[in-house]
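If you want the building blocks of each chain, they are given just below.
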Amino acid sequence: MKKSMMTVSSKIFDELDKLFYPKSIALFGASNKIKIGTISLLTILAGDYKGKIYPIHPRDESILGIKAYPRLKDLPKQVDLAIISVPAKNVPSVMEDCVDNGVSSAIIYSSNFSEVGEEGRRLEEEVIRIARKGGIHFVGPNCMGIVNTSINLYALMNLSIPRKGDVSMVSQSGTLGTISMMNASSHGVGLNKFVSSGNEADLKMEDYIEYLIEDEDTRVIVAFIEGTRSGKRFIDVAEKATDKKPFIVLKGGTTTAGSRAAHSHTGSMAGSDKIYDAFFRQKGVIRADDEQDMVNLTKGFSRSILPRGKNVAIYTAGGGFGVLASDTCEKNGLNVAKLSNETIKKLNKILPPFWSHGNPVDITASGGMNFDSRINIESIEILLAAEEVDSVIFMEFNPNDYTNMMFREIPNEDIRNVIRMALDAGLLNGKSGTKEIIELKERYNKPMICVNISGRYSKDDKILEDSGVPVYLTTSDAARVLSKLLYYNEFINKKRQVVDIKERITK
């Protein structure tokens, strides 16, 4: 890992480096039958991991074309990471084998430990005792594994290979975490590291977060939390995180039923939701409402710059969308900016006379259906250049999106042929202006958020997002994300002001 200046114990960083950057892996539980261990081995291979892989099996001589070994001691060299996918009752003996053969760290997929009751808790404590004897730190048990895209390591018990990027995630739910990870990837968000922490018998959620704070490959930290074992430590770690990076949290177990489910799932204690909410607000933690909101916020923070203020300009080709965007902006604490006379004069020169002459800038469906790229780009540039505007939400609509979608529903073949000829001639195609939008974003250094009102993402949207312009399908999602970007920027600025005052006082 690339580390910035250390603020916590270097020992835990060294141990987690061994976990995230292994040069060799031993895998217990893989076989030539379809089992969780076999799927994990397949995922590691599919991800193109470059280190040595050693399946451990008492009988099979090879698994998925890789030479297998009956025991750890039979390996040609010592391994860094052990992945354990065997019945819970066999985990202590496997851990003993790891201790005896100098393994550095481990991942335990196996379940039926503390999450199922007292007998499982005793078994878990036995595993901890053995691991500590050998100085082994481990993830889990009852987890789904880890990812480090920097070295093509996808040590997961399901076949998931996310897009590479600079977002890292810690999840106390393996399934929710891996699905959210892949959902984020499908929305253009790249992952750097991922941990399904499971029961956290040894390594805790706070250990991973603390590591990611100092990880230069991680720009945004995301966590799904069911509960904490140590409230004080979580507070300390969260405060350190928000000082350096956006820290997005989806908190589960917010109701009585949810708290019970969290305890039975991973054995965690959920705690009062009101206390968590107050703490998040105080410390600058960005709280997600649900799993899709978590993905939306992650995309926004990984793609967009932070706004300098609350004033938003809205650009649309439909009055209804402008109304909705205005409502959602105000509900989220943003100001729909009052455009200056100078800005309106500039817009009057290029827009049709029937535009709204205010904010939202509505050129109406008559103007928008034609999707004149030049007019749209020039209008958005005028808004970005305006001193009274801090950020822009603009609507994207290409009639061709709908025409293609409805084409199969047209029963008359002759009409379909006419429409097909019109499509081929480009008569129904809008001009996206994607390249020009990206140039504006780089020139004015203000947040630009796109809403694709067609209701589905296009190829142009991927280009926009890869260039720092996040795209959403609803005005409410766009406004909420923009409000959270502002919230975090205001938090950081207040912290800097406090530090500056303290420094002046102490001089």
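Anything mentioned here points back to the structure above.
The following paragraphs examine the structure supplied in this document. (Residues numbered from 1 in each chain as written. Predicted model: local features only at pLDDT ≥ 70, side-chain atom pairs only at ≥ 80, totals over all residues. Heavy atoms only, no water.)

**Quick notes on the overall build of the protein chain**
Piece 1. Each helix and strand counted, the protein chain has 19 helices and 20 strands in total.
Piece 2. A total of 507 residues make up the protein chain; the buried ones form 55% of that total.
Piece 3. Counting only contacts in the protein chain whose residues sit at least 6 apart along the sequence, the fraction spanning at least 24 positions is 74%.
Piece 4. A total of about 22,600 Å² of accessible surface is found on the protein chain, and carbon and sulfur atoms cover 52% of it. (Helix = DSSP H or I, 4+ residues; strand = E, 2+ residues; numbered from the N terminus. Buried < 20%, exposed > 50% of the residue type's maximum accessible area, 1.4 Å probe, protein only. Contact = heavy atoms within 4.5 Å. Areas by Shrake-Rupley, 256 points an atom, 1.4 Å probe, with all protein chains shown as cover.)

**Considerations on the nonpolar core**
Piece 1. Counting 48 residues, the largest nonpolar core has L19, I83, I107, V139, I146, F234 and F247 as the members making the most contacts within it.
Piece 2. Element by element, the count of residues in this core is highest for helix α6 (residues 205-213), at six residues.
Piece 3. Apart from the residues lying within four places of it in its own chain, the contact partners of V139 are L19, A106, I107, I108, I146, V195, S196, S197, L203 and Y208.
Piece 4. Membership of the second largest hydrophobic core comes to 41 residues, among which are A184, I248, L486 and Y488. (Core = buried A, V, L, I, M, F, W, Y, C linked by side-chain atoms within 4.5 Å.)

**Points about a nonpolar patch on the surface**
Piece 1. Among the surface-exposed residues, L42, L45, L64 and L159 lie close enough to one another that they form a single nonpolar patch of about 330 Å² accessible area.
Piece 2. With respect to the helices and strands, L159 occurs in the loop between β9 (153-156) and β10 (164-171).
Piece 3. Look at L159 and you get exposed, because its relative accessible area is 54%. (Patch = residues over 30% accessible without salt bridge, like charges linked within 9 Å, V, L, I, M, F, W, Y side chains within 5 Å. Salt bridge = Lys/Arg side-chain N within 4 Å of Asp/Glu carboxyl O.)

**Regarding the environment of N445**
Piece 1. Checked against the element boundaries, N445 lands in the loop between α17 (434-444) and β19 (448-452).
Piece 2. On the accessibility criterion, N445 (55% relative accessible area) is exposed.
Piece 3. Taking the C-alpha atoms as reference points, N445 and I305, 140 residues apart in sequence, are found 7.6 Å from one another.
Piece 4. Setting aside its immediate chain neighbours within four residues, N445 contacts I305 and L440.

**Focus: the environment of T474**
Piece 1. Along the polypeptide, T474 turns up in the loop between β20 (471-472) and α19 (475-506).
Piece 2. Within the structure, T474 has its side chain in polar contact with the backbone nitrogen of D477 (distance 3.1 Å). (Polar contact = N/O pair within 3.5 Å; in protein donor to acceptor, adjacent residues only side chain to side chain.)

**Looking at the environment of I380**
Piece 1. With respect to the secondary-structure elements, I380 resides in helix α14 (residues 373-385).
Piece 2. The exposure class of I380 is buried, given its relative accessible area of 2%.
Piece 3. Residues I380 and L440, spaced 60 residues apart in sequence, show a C-alpha to C-alpha distance of 8.4 Å.
Piece 4. In contact with I380, not counting residues within four places along its chain, are Y315, V392, F394, I437, L440 and M448.

**Here we look at the side chain of T434**
Piece 1. With respect to the helices and strands, T434 occurs in helix α17.
Piece 2. Of the residues examined, T434 reaches a relative accessible area of 7% and is grouped as buried.
Piece 3. When sequence neighbours within four positions are dropped, the list of residues in contact with T434 reads D460, I463 and L464.

**Side note on helix α2 (residues 36-46)**
Piece 1. Along α2, the residues that are buried comprise G37, T38, S40, L41, T43 and I44.
Piece 2. Against the buried residues of α2 lie β1 (24-28), β2 (52-56), β3 (62-63), β4 (66-67), β5 (81-84) and β9.

**As for the packing of aromatic side chains**
Piece 1. Per the counting criterion, the structure on display carries nine aromatic pairs.
Piece 2. Centroid distance F279 to F280: 5.8 Å. Interplanar angle 50°. Geometry classified as tilted. We note that F279, like F280, is buried.
Piece 3. Over the ring of Y69 we find K67, and its NZ or CZ is 5.0 Å from the ring centre. (Phe/Tyr/Trp six-rings, centres within 6.5 Å; stacked < 30°, edge-to-face > 60°. Lys NZ or Arg CZ within 6 Å of the ring centre and 35° of its normal.)

**Side note on the sheet that holds β1**
Piece 1. Strand order in this open sheet of five strands is β2-β1-β5-β6-β7, and the pairing throughout is parallel. In this open sheet, the two edge strands, each paired with only one partner strand, are β2 and β7 (137-139). Ignoring strand direction, the axes of neighbouring strands in this sheet form an average angle of 20°.
Piece 2. Sheet topology note: the strand β6 (residues 105-108)/β7 ladder contains three bridges and is parallel. Within β7, the residue paired with S105 across the bridge is H137.
Piece 3. Packed on one face of the sheet, helix α3 (residues 91-100) meets β1, β5, β6 and β7 and runs near 170° to β5. (Pairing = 2+ DSSP bridges. Axes fitted to C-alpha atoms, helices over the stretch in contact; angles between N-to-C directions.)

**Comments concerning the packing of helix α12 (residues 341-348) against α14**
Piece 1. Viewed as axis vectors pointing N to C, α12 and α14 meet at an angle of 170°, and their least axial separation amounts to 10 Å. Considering their axes alone, α12 and α14 lie roughly antiparallel with respect to each other. Facing T343, K346 and L347 of α12, the residues of α14 in contact are S379, I382 and L383.
Piece 2. For the contact of α12 with α14, the per-class residue count stands at three nonpolar, two polar and one charged. (Parallel < 35°, antiparallel > 145°, perpendicular 65-115°, else oblique. Nonpolar A, V, L, I, M, F, W, Y, C, P; charged D, E, K, R; others polar.)

**Overview of the side chain of T328**
Piece 1. Relative to the helices and strands, T328 resides in helix α11 (residues 319-331).
Piece 2. Not counting residues within four places of it along the chain, the set of residues in contact with T328 comprises T475, S476 and A479.

**Section: unusual backbone geometry**
Piece 1. Look at the link from G140 to P141: it is a cis peptide, with omega at -5°.
Piece 2. Along the chain, P141 turns up in the loop between β7 and β8 (145-148).
Piece 3. N359 connects to P360 through a cis peptide bond whose omega is 10°.
Piece 4. Inspection of the secondary structure assignment puts P360 in the loop between α12 and β17 (361-362).
Piece 5. Despite not being glycine, N112 shows a phi value in the positive range, around 70°.
Piece 6. Even without being a glycine, N152 presents a positive backbone phi close to 60°.

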